[in-house]
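Notes for the structure review
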Amino acid sequence: QVQLVESGGGLVQAGGSLRLSCAASGRTFSTSTMGWFRQAPGKEREFVAAISKFGRNAQYADSVKGRFTISRDNTKNTVYLQMNTLKPEDTAAYYCAASGRIPTATMTRDNFNSWGRGTQVTVSS
């Protein structure tokens, strides 16, 4: 398995941007699909984006398509989530996760087997 640590969360005004990072340790990072999920208080953890092991296939939830971009740097064992045009409804704890599956836009938390502890993103109106 791979160990994951997220960073980059914070407080931002609506319309602003943030870039989340997820640093991975372990030998399986470069062979794993990497994903981002988010969970708001009182809500289920939901899929945000996923990227294939070489970065050629990226998938997004409809709610973030066109605003968020997932990328990865296998030389640094890091996956990123660039979030632009943030909205108050993007407020949530964001989690990085690793999977052995091919990325799709309908991935669920059950598709992922390693998780970070999360980083909080708060968007003020």
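An account of the accompanying structure is given in this report. If you're wondering where the values come from, they're calculated on a predicted model, not measured in any experiment.

**What about the pairing of strand β4 (residues 33-39)?**
Within β4, 6 of the 7 residues are buried, which leaves the element mostly enclosed by the surrounding structure. When β4 meets strand β5 (residues 46-51), the two strands line up antiparallel, connected through 5 bridges. Following the sheet pairing, glycine 35 is matched in β5 by alanine 50. Between the end of β4 and the start of β5, which pair antiparallel, lie 6 residues, with glycine 42 showing a positive phi angle near 80 degrees.

**Side note on the side chain of arginine 38**
Considering the arrangement of structural elements, one finds arginine 38 in strand β4. Engagement of the side chain of arginine 38 in a polar contact is seen with the side chain of aspartate 90, the distance being 2.9 Å. Looking at arginine 38, its side chain comes within polar contact range of the side chain of tyrosine 94, at 3.0 Å. Residue contacts for arginine 38: discarding those within four places in its chain leaves Glu44, Arg45, Glu46, Val48, Ser63, Val64, Phe68, Glu89, Asp90, Ala92, Ala93 and Tyr94.

**Describing the pattern of salt bridges**
Across all of its chains, the model carries 4 salt bridges by this definition. Among the salt bridges present, the one from arginine 38 reaches aspartate 90, with a minimum N-O distance of 2.9 Å. In this pair, arginine 38 sits in strand β4 while aspartate 90 sits in the loop between β8 (78-83) and β9 (92-99), placing the two residues 52 residues apart along the sequence. The closest approach of N and O atoms between arginine 67 and aspartate 90, which form a salt bridge, is 2.8 Å. With a gap of 23 residues between them, arginine 67 in the loop between β6 (58-60) and β7 (68-73) and aspartate 90 in the loop between β8 and β9 connect regions that are remote in the sequence. On the accessibility criterion, arginine 67 (11% relative accessible area) is buried. Counted as one network, the salt bridges with shared partners bring together Arg38, Glu46, Arg67 and Asp90.

Calculation rules
Residue positions are given per chain, counted from 1 along the sequence in the order it is written. With pLDDT at 70 or above as the cut-off, local features in this predicted model cover only qualifying residues; side-chain atom pairs require 80 or more to be listed or tallied, and sums for whole chains, interfaces and linings still use all residues. In computing side-chain properties, one takes all heavy atoms of the structure into account and sets aside hydrogens as well as water. Three exposure classes are used, based on accessible area relative to the maximum for each residue type with a 1.4 Å probe and protein chains only: buried under 20%, partly exposed in between, and exposed over 50%. Starting at the N terminus, helices and strands are each numbered in turn, a helix being any DSSP run of H or I of at least four residues and a strand any DSSP run of E of at least two. Only when DSSP finds a minimum of two bridges between them are two strands counted as paired. Pairs of N or O atoms are called polar contacts if they sit within 3.5 Å, as long as, within protein, a hydrogen donor faces a hydrogen acceptor (for residues adjacent in sequence, only side-chain-to-side-chain pairs). Only heavy atoms enter the contact rule, under which two residues are in contact if any of them lie within 4.5 Å. A pairing counts as a salt bridge when a side-chain nitrogen of Lys or Arg comes within 4 Å of a carboxyl oxygen of Asp or Glu.

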